[in-house]
Amino acid sequence: MKEFVQRLLESYKDRTVAIAFFSMLVNAITGIGNLFLGFRLTSVWFIIAASYYLIMCAARAQTVRLYQKSRLLTDKSDRYETEFTVYSDCGILVCLSGLSYFFICLRLFFLGEYKEYTRIVVICIAAMSVYKVAFSIYGKYISRKMKSPIISTLKTISLVDACVSVNATLNSLLTYNTSSVIANRVSACVGMIMSVVFLINGILMMLRRLPRDEMDYFSHIRPG
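Residues numbered from 1 in each chain as written. Predicted model: local features only at pLDDT ≥ 70, side-chain atom pairs only at ≥ 80, totals over all residues. Heavy atoms only, no water.

Q: Is there a simple way to think about the nonpolar core in this case?
A: Nonpolar side chains in soluble globular proteins tend to end up buried together. Tyr-52, Cys-90, Tyr-101, Ile-104, Val-160 and Phe-198 are the most contacted members of the largest nonpolar core, which totals 31 residues. Secondary-structure elements contributing two or more residues to this core are α2 (12–41), α3 (44–71), α4 (76–111), α6 (149–177) and α7 (180–207). If one sorts the elements of this core by residue count, α4 sits on top with 10 residues. Apart from residues lying up to four places away in sequence, Val-160 is in contact with Tyr-52, Met-56, Val-94, Ser-97 and Phe-198. (Core = buried A, V, L, I, M, F, W, Y, C linked by side-chain atoms within 4.5 Å. Buried < 20%, exposed > 50% of the residue type's maximum accessible area, 1.4 Å probe, protein only. Helix = DSSP H or I, 4+ residues; strand = E, 2+ residues; numbered from the N terminus. Contact = heavy atoms within 4.5 Å.)

If you want it as structure tokens, here you go:
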């Protein structure tokens, strides 16, 4: 336990993966809860929402699993293959998350959803969004310096999650200040635009190839 805590304090990559593991659990609980409500209430809305959260959970789970595998490898070429496999495979999951979120927003645009928010709820949603966006932007900056496919993957997933939170904040603010109808239409349109960006980003992740000599990020990986 002491060694694990020490590793978290010393390694940004280990801290990032630990946070991703916690986020994976939250996504799993949220997804299963929505799926249960979807079948219990025969609600397509909850089922589609569940698919988004479960896809995000799968993306984080795949990254965490292969990160643990890559830490045990001593050969740089093998680590490269393992890490970059994560990056490419999670591009597919980012595409799927974009598609599922697109259908969520499409349903919101045409069918809507009546909600009411108190001031404190709006503030809490906005605060969470600010935290997620700040954490994601900082993480993307760090991942560029480290040149690690696994960190880039986790930060891309975090950025997708942060964008969804920003749209949720937009919806809550508009609902609080105007009406649910206006909030639903605006946030649905913004969400569909975001979904297309997620889809394009996922495709780029699948197609991206790095030169073999660009492997200096291995200096940040320690076996076992």
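Now, onward.
Q: When you look at the environment of Thr-63 in this model, what are you seeing that I'm missing?
A: Following the sequence through the fold, Thr-63 ends up in helix α3. Take Thr-63: its relative accessible area is 0%, and that puts it in the buried class. Considered as a pair, Thr-63 and Thr-85 are 22 residues apart in the sequence and their alpha carbons are 9.5 Å apart. Beyond its immediate chain neighbours, meaning those up to four positions away, Thr-63 contacts Val-86, Cys-90, Ile-150, Thr-153, Leu-154 and Ile-157.

Q: So what exactly am I meant to see when it comes to the packing of aromatic side chains here?
A: Summed over all chains, the structure comprises 5 aromatic pairs. Measuring from centroid to centroid gives 5.8 Å for Tyr-52 and Tyr-101, while their planes differ by 45 degrees, and the two rings are tilted. Separated by 49 residues along the polypeptide, Tyr-52 in helix α3 and Tyr-101 in helix α4 bring together distant segments of the chain. Taken individually, Tyr-52 and Tyr-101 each receive the classification buried, so the pair is uniform in this respect. Between Phe-102 and Phe-103, the ring centres sit 6.0 Å apart and the planes meet at 80 degrees, which makes this aromatic pair edge-to-face. Across the ring face of Phe-109, the terminal group of Arg-185 is positioned such that the distance to the ring centre comes to 4.7 Å. (Phe/Tyr/Trp six-rings, centres within 6.5 Å; stacked < 30°, edge-to-face > 60°. Lys NZ or Arg CZ within 6 Å of the ring centre and 35° of its normal.)

Q: Whenever I open this one, the confidence of the model for the protein chain confuses me. Can you help?
A: Regions with low pLDDT should not have their predicted coordinates read in detail. Within the protein chain, residue pLDDT values average 80, and 83% of them lie at 70 or more. Within the protein chain, α7 carries the highest mean pLDDT (92), whereas helix α1 (residues 2–10) carries the lowest (57). Note that pLDDT drops below 50 for residues 213–224; the model gives that stretch 31 contacts with residues more than four away or on any other chain. (pLDDT = per-residue confidence, 0-100.)

Q: Could you clarify how one ought to interpret the packing of α4 against α7 in this entry?
A: Each packed pair of helices is defined by two parameters, the angle between the axes and the distance between the axes. Where α4 meets α7, the closest approach of the two axes is 7 Å, and the angle between their N-to-C directions is 165 degrees. When the interaxial angle is binned, α4 and α7 end up roughly antiparallel. The crossing of α4 and α7 is left-handed. (Axes fitted to C-alpha atoms, helices over the stretch in contact; angles between N-to-C directions. Parallel < 35°, antiparallel > 145°, perpendicular 65-115°, else oblique. Left-handed = near helix turned anticlockwise from the far one by under 90°.)

Q: Explain the layout of surface pockets to me, please; I cannot follow it from the model alone.
A: In this approach, a probe sized like a water molecule rolls over the atoms, and the result shows the empty space that is left. Approximately 1100 Å³ is the volume found for the largest pocket. Lining the largest pocket are 39 residues, with Tyr-53, Lys-132, Val-164, Ser-165 and Ala-168 sitting closest to its centre. Contributing elements (two or more residues each) for the lining of the largest pocket: α2, α3, α4, α5 (119–146), α6 and α7. Classifying every residue of the lining of the largest pocket gives 21 nonpolar, 12 polar and 6 charged. (1 Å grid on protein atoms, 1.4 Å probe; cavity = no way out; pocket = protein on both sides within 12 Å on 5 of 7 lines; lining within 4 Å. Points joined across faces, edges and corners; volume = space filled by probe spheres on them. Nonpolar A, V, L, I, M, F, W, Y, C, P; charged D, E, K, R; others polar.)

Q: Would you mind showing me how to read the pattern of salt bridges here?
A: Side chains bearing opposite charge may pair, as long as their charged atoms lie close to each other. Taken as a whole, this structure holds 2 salt bridges when the rule is applied. Its salt-bridge partner being Asp-161, residue Arg-60 comes within 3.7 Å of it at the nearest N-O pair. You can see Arg-60 sitting in helix α3 and its partner Asp-161 sitting in helix α6, a full 101 residues away along the chain. Its relative accessible area of 12% is what places Asp-161 among the buried residues. A single network of salt bridges, built from pairs that share partners, joins Arg-60, Lys-132 and Asp-161. (Salt bridge = Lys/Arg side-chain N within 4 Å of Asp/Glu carboxyl O.)

Q: Got a minute to help me understand the packing of α4 against α6 in this structure?
A: At a closest axis distance of 8 Å, the pairing of α4 and α6 adopts a crossing angle of 10 degrees. One element, α4, and the other, α6, form an angle in the roughly parallel class. Counting all contacts with α4, which are made through Glu-83, Phe-84, Val-86, Tyr-87, Cys-90, Val-94, Ser-97, Tyr-101, Cys-105 and Leu-108, the residues of α6 involved are Pro-149, Ile-150, Ser-152, Thr-153, Thr-156, Val-160, Val-164, Asn-167 and Asn-171. For the contact of α4 with α6, the residue count by class is 12 nonpolar, 6 polar and 1 charged.

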